[in-house]
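Below are the chains, spelled out letter by letter.
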Amino acid sequence: MESVRDDLAALGARYQRGQALLAAGRYAEGWPLFEGRERLAPGLIPPGPRSYPEWRGEPLGGRSILVWVEQGFGDQIMLARFAQVLKERGAGKVTLACRPQTVALLATAPGVDEALSIPVNASVAVDRHDLWTRYFSLPLHVGATLENLPTAPYLAAPADRLERWQDYRGVGFVWRSSPTGVNAARKTIPDDLADRILDLGAISLHPEDTGAGDFADTAAIISRLDAVVAVDTAVAHLAGAMGKPTFILLAEPADWRWLTGREDSPWYPTARLVRQSRAGDWSSAVERVAAELR
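Note on numbering: residues in each chain are counted from 1, in written sequence order. Under the rules for a predicted model, residues below a pLDDT of 70 receive no local features and side-chain atom pairs below 80 are neither given nor counted, while totals for whole chains, interfaces and linings still include all residues. Think of the side-chain values as coming from all heavy atoms in the structure, minus any hydrogens and water.

(A) Inspection of the nonpolar core at higher detail. By convention a nonpolar core is built from buried Ala, Val, Leu, Ile, Met, Phe, Trp, Tyr and Cys residues, the set being connected through side-chain atoms within 4.5 Å. Categorising residues by exposure relies on relative accessible area from a 1.4 Å probe, with only protein chains included: less than 20% of the type maximum marks a residue as buried, more than 50% marks it as exposed, and the intermediate range marks it as partly exposed. Counting residues in each nonpolar core, the largest one holds 66 residues, and the members touching the most others are Ile-77, Phe-82, Leu-86, Leu-106 and Trp-267. In this text, helices come from DSSP runs of H or I with a minimum length of four residues, and strands from runs of E with a minimum of two, each type numbered from the N-terminal end. For this core, the element with the most residues is helix H12 (residues 234–241), which contributes six residues. Contact definition: two residues touch when any of their heavy atoms are within 4.5 Å. Residue contacts for Phe-82: discarding those within four places in its chain leaves Leu-138, Pro-139, Val-142, Ala-144, Leu-149, Pro-150 and Trp-267. Core analysis: the second largest hydrophobic core is formed by 20 residues, Val-171, Ala-202, Val-231 and Val-286 among them.

Structure representation (structure tokens):
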């Protein structure tokens, strides 16, 4: 038991080191340290298929590949861009396994042949593929760096969703993180501060306010808007992936993917990062966005 604890501690330290390297933009060094993460968080990173081999970056040569579900909605949205890279590298079929809320959305990504719904804690029959991998293993195996990230918009609202949401205009706003998300409380803006943005005419994009049934509905709403303001949530990734002008409000310290001290994002060229001036204080960040909206 002690050796298992020691092994997990070493794995955790390796993962933390990887995050630090990625935050510094040292992607070639950081991505390998993310492997083995399923042992640290089996609830977020369920076991992948065992009946066929895991892809390690070798030539694809027309073979089918399944990208297995892991972590949060925003992670899957961010990394769906690599489906097209898999196609360019010779994949015959690319399947993205994802949660039901993202199926219709991720099916719009270039290179995706199928988006497969995998509900949490459900047993789902999955057709056999030649290979499988995980979302966060894709950047490692395709050699992703700051210089070669695919940055063109890659997600869109399905055509059949657009008509229902055609009345939306202006600026959309998300100020609460999902309560089940990592560091949810730290990423959430208090309602009294959020009112400064809402009082300027911004529209809540929280599904309990819009009635959106999934992320494809939210994408249809975003497609009608001029811009989006969001904390570090899946909607921030969605707006960026759609190429929508986006202000992303970041708690300090921010997640590794937003790098350190930058106002731009290599992942989303149309996004502007607005960081807390000190940890826990949203006032100045909210006021900077409010000034832009005015």
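(B) Representation of the packing of aromatic side chains in the model. By convention, a stacked pair of Phe, Tyr or Trp rings (six-membered ring in the case of Trp) has centres within 6.5 Å and planes under 30 degrees apart, an edge-to-face pair has planes over 60 apart, and any other such pair is tilted. Counted according to the given criterion, the structure contains 14 aromatic pairs. Seen in terms of ring centroids, Tyr-27 and Trp-267 are 6.3 Å apart; in terms of plane orientation they differ by 40°. Their pairing is tilted. In this pair, Tyr-27 sits in helix H2 (residues 27–30) while Trp-267 sits in the loop between strand E8 (246–250) and strand E9 (271–275), placing the two residues 240 residues apart along the sequence. For the residue pair Tyr-27 and Trp-267, the accessibility class agrees, reading buried in each case. Three or more aromatic residues link up through ring pairs in this structure, and these residues are Tyr-15, Tyr-27, Trp-31, Phe-34, Phe-82, Phe-136, Trp-256 and Trp-267.

(C) Here's a closer look at the pairing of E8. When you tally the buried positions in E8, you get five out of five residues, the bulk of the element. Both faces of E8 are covered, namely the face carrying Thr-246, Ile-248 and Leu-250 and the face carrying Phe-247 and Leu-249. By the criterion used throughout, a crossover qualifies as right-handed when its path from the first strand across the helix to the second strand runs clockwise, the strands pointing away from the viewer. The β-α-β motif built from strand E7 (residues 227–231), the intervening H12 and the parallel element E8 has right-handed crossover chirality. DSSP bridges decide pairing: two strands pair if at least two such bridges lie between them. Note that E8 and E9 share five bridges and pair parallel. Looking across to E9, one finds that Phe-247 is bridged to Arg-272.

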